[in-house]
Amino acid sequence: MFNKILIANRGEIACRIIKTARAMGIKTVAVYSDADATALHVEMADEAVHLGPSPAAQSYLLGEKIIEACKATGAEAVHPGYGFLSERAWFAKALDDAHITFIGPPANAIAAMGDKIESKKLAIKAGVSVVPGYVGEIADDIEAVKIAKDIGYPVMIKASAGGGGKGMRVAYTETEVREGFKGARHEAIASFGDDRIFIEKFVEEPRHIEIQLIGDKHDNIMYLGERECSIQRRHQKVIEEAPSPFVTPDMRRAMGEQAVQLAKAVGYYSAGTVEFIAGKNREFYFLEMNTRLQVEHPVTELVTGYDLVELMIRAAAGEKFSFTQSDIKLNGWAMESRIYAEDPYRGFLPSIGRLVRYQQPKEFSSANETVRVDSGVVEGSEISMFYDPMIAKLVSHATSRHAAIDLQIKALDEYHIQGISHNGHFVSAVMQHEKFRSGTFTTAFIAEEYPDGFHGNPTSSESKQKLMAAAAVMKVLTIRRESLIDGQLNGHDAIFDDNWVVTLDKMQTSVKVMELSNEFTVKAEAWQHKIITGWKVGSPQFKALIDNEALTVEVDYKSVDVKLSFRGASHTISVQTPFAALLAGYMVEKIKPDMSNYLLCPMPGLVVSIDVTVGEKVETGQTLAVVEAMKMENILRAQKPATVKEILVDKGQSLALDSIILTFE
Amino acid sequence: MKSVLDELESRRAAARLGGGQDRIDAQHRKGRLTARERVELLLDPHSFEETGMYVEHNCVDFGMAGSKIPGDGVVTGSGTINGRLVFVFSQDFTVFGGSLSERHAEKICKMMDQAIKVGAPIIGMNDSGGARIQEGVASLGGYAEVFQRNVLASGVVPQISLIMGPCAGGAVYSPAMTDFIFMVKDSSYMFVTGPDVVKTVTNEIVTQEELGGAITHSTKSGVADLACENDIEAIFTTRRFFNFLPLSNREAVPFRPSHDDPSRVDMSLDTLVPTNANKPYDIKELIHKTVDDADFFEVQPGYAGNIIIGFGRIEGHSVGIVANQPMVLAGCLDIASSKKAARFVRFCDAFNIPIITFVDVPGFLPGVAQEHNGIIKNGAKLLFAYGEATVPKITVITRKAYGGAYDVMASKHLRGDLNYAWPTAEIAVMGAKGAVEIIFRKDIGNADAIAQRTAEYQAQFANPFVAASKGFIDEVIMPHSTRKRIVIGLRKLRGKQLENPWKKHDNMPL
């Protein structure tokens, strides 16, 4: 076994690998860029080596520097995590040449499988069914259009070297193929330094199901069940689970065996994932093989009980696994949400900045329930524009699918993040969505169910009542604390009676708040709730037993009101005396200024291009400008026909949120 | 007997109706509350005790003799906010447009005299069309009587003005002399001469809102300390604000028990100052993580954003906080920020409120406009304010403390009680580059030599230890322990006694 390994990665996955290595008694070396000088993975590792400036191309992608770091620190092996160098065959080879072990599959397997075109040829040869498409390199957009026509629309345009959603487009028309091809190629260069693109048939209403493989260097290769990864937004996975609610034992066996067959064809060992698209009749097509540890590996770990990182390290060290396929059993259900630094309320735009406040759900493991949080950040960490916007993965495990979902919903309420926006509300909303709970969804779920974006989970009247009751109790505790101020006139304590008016979303409800031996009863005409809480005024989380159910509500104090977040939605609530509530009725509602004649920058980012000129008449949907943030190019389109009056920014300029880019007449 | 009691009740009822239901309704339609509603909302329920309810004007000209309304356009009296005594007046726009008569002014003066005598704050709610023209010079006299009392009360009891309607002409000078002005957006304005006069004299066309609305005064002129959305927000904000203030200069700051752990450490502060010296960060994060419950009441948030001022609590006791804000103009001192902070420091000193200063200042803002508009005398205001202050003063330098601005920002030399620095602090005459270009002027053509000298200067002075070796810094502290150190410091400084030499008053550079 190794004494010391280097982790050629950052963020949550670097931290996750360090944890396992430490548990195995292996010393760890972290690497970091300028932006990550104070990052958590650097702090957790036994040693750390600086690589270079913040952009990945000048730091985490520098294989030579990483090999130097191994030599300098005496690390015997390198775990590449996912992304960065994890699927670069040349890197695995270079390590080999330097007599450093690559904790991953053999270089030839990476080369064969890492390239989508090559892997498809291999899969066909190995008897694995594949999606119709064009295998080969495409020179330009004219050829791309021709190929798309041959395959038949819709088609998918992808970066050969890509993973996740980067550089991936769906095109339904010739124009879209042209635009998509250019865009995909541009992003492919920017993200992977490799501009090869390929096109294939886009299978509509598909499910994305993948098989986890694990193998040692002694020809034992096994499948650890499947993962369902159909909940995606713009081809970026958001929620994953294991097992899949769609897969039958027969289907699992068939997929698993095909995956193993493919792996064996290239002499595979270590962890790997074979991705399939499954159609509604449970037919499945090979999509690609990821020759690395996947982001979503924890759900497999929780249902199988194996630590995949540990197995990868053992395999790399040449150990022979002591278990076989028949030992692998699936136990219970696991759910994972990816917590992204993005604003679901503003079209999921990336949100960068400092984590001014960061509290995550409490990890625990009992007989039937587990909550696990894989994160690479702490309060004070910086979410930079240079890397992936994922800040953490929240994983729950329970005996059944619904129990795992409910556990996940509760844990999501425990997030308290300030400084950046995050998608916690959105994933909570999905977890509560009937269609998701029923298990009958496709990869189009998010696009279909949230066509106009996300505006908060529809809150049940029961939840609203509980929030109103919570707000009323908070009000009573707040005035009680205020009344503890010194310097009061004798006999002049501020006396408020039990009657309050709670206003939620402009609806007023009269309530009475009573307390009996630490239990509050909040009573309205139509409902009542009992609340026991140890909440301290000023705390950002209201934890309470509401009708004997333990709940967490996030509290954001406004000047007069309080904004409470719970179960994937926020509500602004005010609690006032009946007198104040009456007077509040006289206040005039302020009309927000009309900004429709301005194009505002929807996220902090860099102006890549301004695609219109002053005086130009634009049509709805026309590209006005392109802003890049977090390696993603965001096309800003006209919302209505208009004439450009003034352009206020230049190409290359970096903009703050809501900066005015141009004005219309 | 019964009929006398009935008479009282009916007189009270008449007085409460002010200018009548129609005018009350008109006030409500504008989204404004009446004078009495404002008072009752501001004070604890049932605590308001009105005085001068039956006062009427003494004017007989222009048919006024026959038109009298009890109260004469202003509601005055006293009550409590969270049990603590406060004196209030609230002008009644439904009565003669809230205009100020001789008697109206007398009511306000009586209330102010009482407040000064007993040592309790004064809150005035302004909603007045101006002078009662029919009374002529008597009305002007009334204003001046109020002004005189504002002056005498200044520094004795806190004075807060809420501008909730018009406030124009001479009327503006009473709020101007109070400690804090909160305005209501879209329904209040303050100016010496209104848009009509402005147009006649200077040909400038401007709306009331643009000339003297809440946004204008809270962002451009700095006259107002806060702009509130509506009457209710203004009043509740005032209640919250009141809890930070002592009742008078004879009292200690109020204490309100806090649940926040006094020895709480905040590891995230260790990464607050970015490694790149030119990258800004939000100093408010440090403020929020230092005070109890992250409860910081910022004053003048929209004006001169390069300096942050406001109130918080440490271990339940109020403190005043002054902080350079690297997010705006790199946190430099200029005319506006110096004036803003100077007035705040003087308020704190007048009312025994300890001052915590967070320093990250690259110097004074250079520029012709700054010099010609008197940065010398204006910058000196803040210097003067810190220098004369005798309350406990704790200073924490987080990053830059360059040049004269270092001296100004509550340095050791200005009788700072505890001057701390983070390890990231750089206390120097100026940044390394500027310093090298002066010291090694002959090398300016030689880029390599300059780079080397800059690195040397950086290594030698870009740290807190040079200043600490001279005793200018009492201790270099870990960022994460900032709250803990301030808590301990304030506990030990609570008994601080320091008096300036006797003088009639100082002659600060106004």
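So, how was this worked out
- Residues numbered from 1 in each chain as written.
- Chains lettered and ligands numbered in written order.
- Predicted model: local features only at pLDDT ≥ 70, side-chain atom pairs only at ≥ 80, totals over all residues.
- Heavy atoms only, no water.
- Helix = DSSP H or I, 4+ residues; strand = E, 2+ residues; numbered from the N terminus.
- Rg over C-alpha atoms; globule rule 2.2 N^0.38 Å.
- Buried < 20%, exposed > 50% of the residue type's maximum accessible area, 1.4 Å probe, protein only.
- Contact = heavy atoms within 4.5 Å.
- Areas by Shrake-Rupley, 256 points an atom, 1.4 Å probe, with all protein chains shown as cover.
- Salt bridge = Lys/Arg side-chain N within 4 Å of Asp/Glu carboxyl O.
- Buried area = accessible area lost by both parts, 1.4 Å probe.
- Polar contact = N/O pair within 3.5 Å; in protein donor to acceptor, adjacent residues only side chain to side chain.
- Nonpolar A, V, L, I, M, F, W, Y, C, P; charged D, E, K, R; others polar.
- Lys, Arg positive; Asp, Glu negative; His and termini not counted.
- Domains from an automatic or database assignment.
- Pairing = 2+ DSSP bridges.
- Axes fitted to C-alpha atoms, helices over the stretch in contact; angles between N-to-C directions.
- Expected span 1.5 Å × (residues − 1).
- 1 Å grid on protein atoms, 1.4 Å probe; cavity = no way out; pocket = protein on both sides within 12 Å on 5 of 7 lines; lining within 4 Å.
- Points joined across faces, edges and corners; volume = space filled by probe spheres on them.
- Parallel < 35°, antiparallel > 145°, perpendicular 65-115°, else oblique.
- Left-handed = near helix turned anticlockwise from the far one by under 90°.
- Phe/Tyr/Trp six-rings, centres within 6.5 Å; stacked < 30°, edge-to-face > 60°.
- Lys NZ or Arg CZ within 6 Å of the ring centre and 35° of its normal.

A short note on the overall build of chain B
Step number 1: A tally of regular secondary structure across chain B gives 19 helices and 17 strands.
Step number 2: Radius of gyration (C-alpha) of chain B: 26 Å, near the 24 Å computed for a compact globule of 510 residues.
Step number 3: By residue count, 56% of the 510 residues in chain B fall in the buried class.
Step number 4: Taking all contacts inside chain B whose residues are at least 6 apart in sequence as the whole, residues at least 24 apart take part in 73%.
Step number 5: Accessible surface computed for chain B: about 21,100 Å², of which carbon and sulfur atoms make up 56%.

Re unusual backbone geometry
Residue and element names in this part refer to chain A.
Step number 1: Residue proline 243 is reached from alanine 242 by a cis peptide bond, and omega for that bond is -5°.
Step number 2: For proline 243, the position within the fold is in the loop between strand S12 (236–242) and helix H9 (249–265).
Step number 3: With a phi angle near 35°, serine 517 is a residue other than glycine that sits in the positive phi range.
Step number 4: With respect to the element layout, serine 517 can be found in the loop between strand S26 (507–516) and strand S27 (519–524).

Comments concerning the pattern of salt bridges
Step number 1: As enumerated under the stated definition, the model contains 71 salt bridges over all chains in all.
Step number 2: Of the charged contacts in the structure, one is a salt bridge between Arg338(A) and Glu240(A), with a shortest N-O distance of 2.7 Å. With Arg338(A) in strand S15 (residues 333–340) and Glu240(A) in strand S12, the pair connects residues that are 98 residues apart, well separated along the chain. Of the two residues, Arg338(A) and Glu240(A), both sit in the buried class.
Step number 3: Two residues, Lys289(B) and Glu285(B), come together in a salt bridge whose shortest N-O distance is 2.7 Å. Taken together, the residues Lys289(B) and Glu285(B), both in helix H11 (residues 283–290) and four residues apart, mark about one turn of the helix. Assigned by exposure class, Lys289(B) and Glu285(B) land together as buried.
Step number 4: Several salt bridges share partner residues, and in doing so they unite Glu12(A), Arg16(A), Glu301(A), Asp307(A), Arg372(A), Asp374(A) and Lys393(A) into one network.

Section: the interface of chain B and chain A
Size of an interface, as often reported, equals the accessible area lost when the parts are brought together.
Step number 1: Listed as interface residues are 42 residues of chain B and, on the opposing side, 34 residues of chain A.
Step number 2: Between chain B and chain A, roughly 3,500 Å² of surface is buried when both sides are summed, and carbon and sulfur atoms account for 59% of that area.
Step number 3: Looking at the side of chain B facing chain A, the largest losses of area belong to Asn82(B), Arg256(B) and His259(B), adding up to 16% of the total buried there.
Step number 4: Linking chain B with chain A are four salt bridges, by the criterion used here.
Step number 5: A salt bridge links Arg354(A) to Glu285(B), with the nearest nitrogen and oxygen atoms 2.7 Å apart.
Step number 6: Connecting chain B to chain A are 11 residue pairs in polar contact (both at pLDDT 80 or more).
Step number 7: For the side of chain B that touches chain A, the secondary-structure elements that each account for two or more residues are helix H3 (35–42), strand S3 (84–91), helix H10 (231–242) and H11 of chain B.
Step number 8: Looking at the side of chain B that touches chain A, the element that brings in the most residues is H10(B), giving five residues.
Step number 9: When grouped by side-chain class, the residues that make up the side of chain B that touches chain A number 13 nonpolar, 12 polar and 17 charged.

Things to note about the side chain of Asp349(B)
Residues and elements named next belong to chain B.
Step number 1: By the element assignment, aspartate 349 lies in helix H12 (residues 335–350).
Step number 2: Lacking a salt bridge, the buried aspartate 349 has arginine 346 as its closest oppositely charged neighbour, with an N-O distance of 7.0 Å.
Step number 3: Residue contacts for aspartate 349: discarding those within four places in its chain leaves Glu388, Ala389, Thr390 and Val391.

Describing the domain arrangement of chain B
Step number 1: What the domain assignment reports for chain B is domain 1 (2–242), domain 2 (267–425 + 463–493) and domain 3 (430–462).
Step number 2: Here the C-alpha centroids of domain 1 of chain B and domain 3 of chain B sit 60 Å apart.

Some details on the domain arrangement of chain A
Residue and element names in this part refer to chain A.
Step number 1: As assigned here, chain A comprises domain 1 (4–103), domain 2 (106–131 + 207–331), domain 3 (133–201), domain 4 (335–457), domain 5 (461–584) and domain 6 (598–664).
Step number 2: For domain 4 versus domain 5, the distance between C-alpha centres works out to 27 Å.
Step number 3: Contacts between the two partners involve 16 residues from domain 4, matched on the other side by 14 residues from domain 5.
Step number 4: When the area that domain 4 buries against domain 5 is broken down by residue, the three leading residues are Lys410, Asp413 and His425, summing to 45%.
Step number 5: At the junction of domain 4 with domain 5, the criterion picks out one salt bridge.
Step number 6: Where domain 4 meets domain 5, there are seven residue pairs in polar contact (both at pLDDT 80 or more).
Step number 7: Of all the secondary structure elements, the ones that give two or more residues to the side of domain 4 that touches domain 5 are helix H12 (401–412), strand S24 (416–418) and helix H13 (424–432).
Step number 8: Of the residues that constitute the side of domain 4 that touches domain 5, the class distribution is five nonpolar, eight polar and three charged.

Digging into the pairing of strand S7 (residues 180–184) of chain B
Residue and element names in this part refer to chain B.
Step number 1: Of all five residues that make up S7, five are buried, and the element is covered over most of its length.
Step number 2: Alternating positions in S7 separate into two faces, Phe180, Phe182 and Val184 on one and Ile181 and Met183 on the other, with burial throughout.
Step number 3: Judged from the four bridges that link them, strand S5 (residues 159–163) and S7 form a sheet pairing that is parallel. Residue pairing in the sheet places isoleucine 160 in a bridge with phenylalanine 180 of S7.
Step number 4: As paired strands, S7 and strand S9 (residues 226–228) are joined by three bridges and run parallel to one another.

Examining the sheet that holds S9(B)
Picture the strands of a sheet paired through backbone hydrogen bonds; they go either parallel or antiparallel.
All names here are of chain B.
Step number 1: What the seven strands build is an open sheet, ordered S1-S2-S3-S4-S5-S7-S9; its pairing is mixed. Looking along the sheet, the strands with just one partner apiece sit at the ends: strand S1 (49–51) and S9. On average, each strand axis in the sheet is inclined to that of its neighbour by 20°, with strand direction left out of account.
Step number 2: Direction of pairing for strand S4 (residues 122–126) relative to S5: parallel, over a ladder of five bridges. If you follow isoleucine 123 over to S5, its bridge partner there is isoleucine 160.
Step number 3: Most of the contacts of H3 go to S3, to which it runs at about 165°, and overall it touches S1, strand S2 (74–81), S3 and S4.

Topic: H9(A)
All names here are of chain A.
Step number 1: A rise of 1.5 Å per residue sets the reference length of H9, with its 17 residues, at 24 Å; its end C-alpha atoms lie 24 Å apart and thus fit the reference within 8%.
Step number 2: Of the residues making up H9, those classed as buried are Met251, Arg252, Met255, Gly256, Gln258, Ala259, Val260, Leu262 and Ala263.
Step number 3: Directly beyond the C-terminal end of H9, a positive phi value near 65° is found at glycine 267.

Concerning empty space enclosed by the protein
All names here are of chain B.
Step number 1: Enumeration over the complete set of coordinates arrives at six cavities of 30 Å³ or more.
Step number 2: Taken as a whole, the largest cavity spans an internal volume of roughly 110 Å³.
Step number 3: In this structure, the largest cavity is lined by 14 residues; those nearest its centre are Gln91, Leu100, Asn126, Tyr143 and Ala171.
Step number 4: Of all elements in the fold, only S3, helix H5 (137–153) and strand S6 (166–168) reach the threshold of two or more residues within the lining of the largest cavity.
Step number 5: Broken down by element, the lining of the largest cavity gets its largest block of residues, three residues, from S6.
Step number 6: Taken together, the residues that form the lining of the largest cavity break down as nine nonpolar, four polar and one charged.

Some remarks on helix H8 (residues 174–192) of chain A
Residues and elements named next belong to chain A.
Step number 1: In this model, H8 (19 residues) spans 26 Å end to end at C-alpha, consistent with the 27 Å of a helix rising 1.5 Å per residue.
Step number 2: Buried residues of H8: Val177, Gly180, Phe181, Gly183, Ala184, Glu187, Ala188, Ser191 and Phe192, and no others.
Step number 3: Phi turns positive one or two residues past the end of H8, at glycine 193, with a value near 65°.

Here's the deal with the environment of Pro326(B)
All names here are of chain B.
Step number 1: Mapped onto the elements, proline 326 comes out in the loop between strand S12 (317–324) and H12.
Step number 2: Its relative accessible area of 5% is what places proline 326 among the buried residues.
Step number 3: Distance from proline 326 to asparagine 278, taken between C-alpha atoms, is 9.3 Å for residues 48 residues apart in sequence.
Step number 4: Beyond its immediate stretch of four places on either side in the chain, proline 326 contacts Pro280, Tyr281, Ile283, Gly331, Asp360 and Arg399.

Side note on the side chain of Ser139(B)
Step number 1: The topology assignment puts Ser139(B) in helix H5.
Step number 2: If we skip the residues at most four places from it in the chain, Ser139(B) touches Leu100(B), Ala131(B) and Arg132(B).

Quick look at the packing of helix H3 (residues 63–73) of chain A against helix H4 (residues 89–97) of chain A
Residues and elements named next belong to chain A.
Step number 1: Contact geometry for H3 and H4: axes closest at 10 Å, N-to-C directions at 30°. As summarised for this structure, H3 and H4 are arranged roughly parallel, according to the angle between their axes. Of the two possible hands of crossing, H3 and H4 adopt the one that is right-handed. Contacts between H3 and H4 involve Gly63, Ile66 and Ile67 from the first element and Trp90, Phe91, Ala94 and Leu95 from the second.
Step number 2: In terms of residue class, the contact of H3 with H4 is built from six nonpolar, one polar and no charged.

Concerning the packing of aromatic side chains
Step number 1: In total, this model carries 35 aromatic pairs over all chains according to the counting rule given.
Step number 2: With 6.0 Å between their ring centres and 65° between their planes, Tyr450(A) and Phe454(A) make a pair best called edge-to-face.
Step number 3: The structure contains a cluster of three or more aromatic residues connected by ring pairs, namely Phe180(B), Phe182(B), Phe241(B), Phe244(B), Phe297(B), Phe311(B), Phe344(B), Phe347(B) and Phe351(B).
Step number 4: Against the face of Phe246(A) rests Arg282(A), its NZ or CZ located 4.4 Å from the ring centre.

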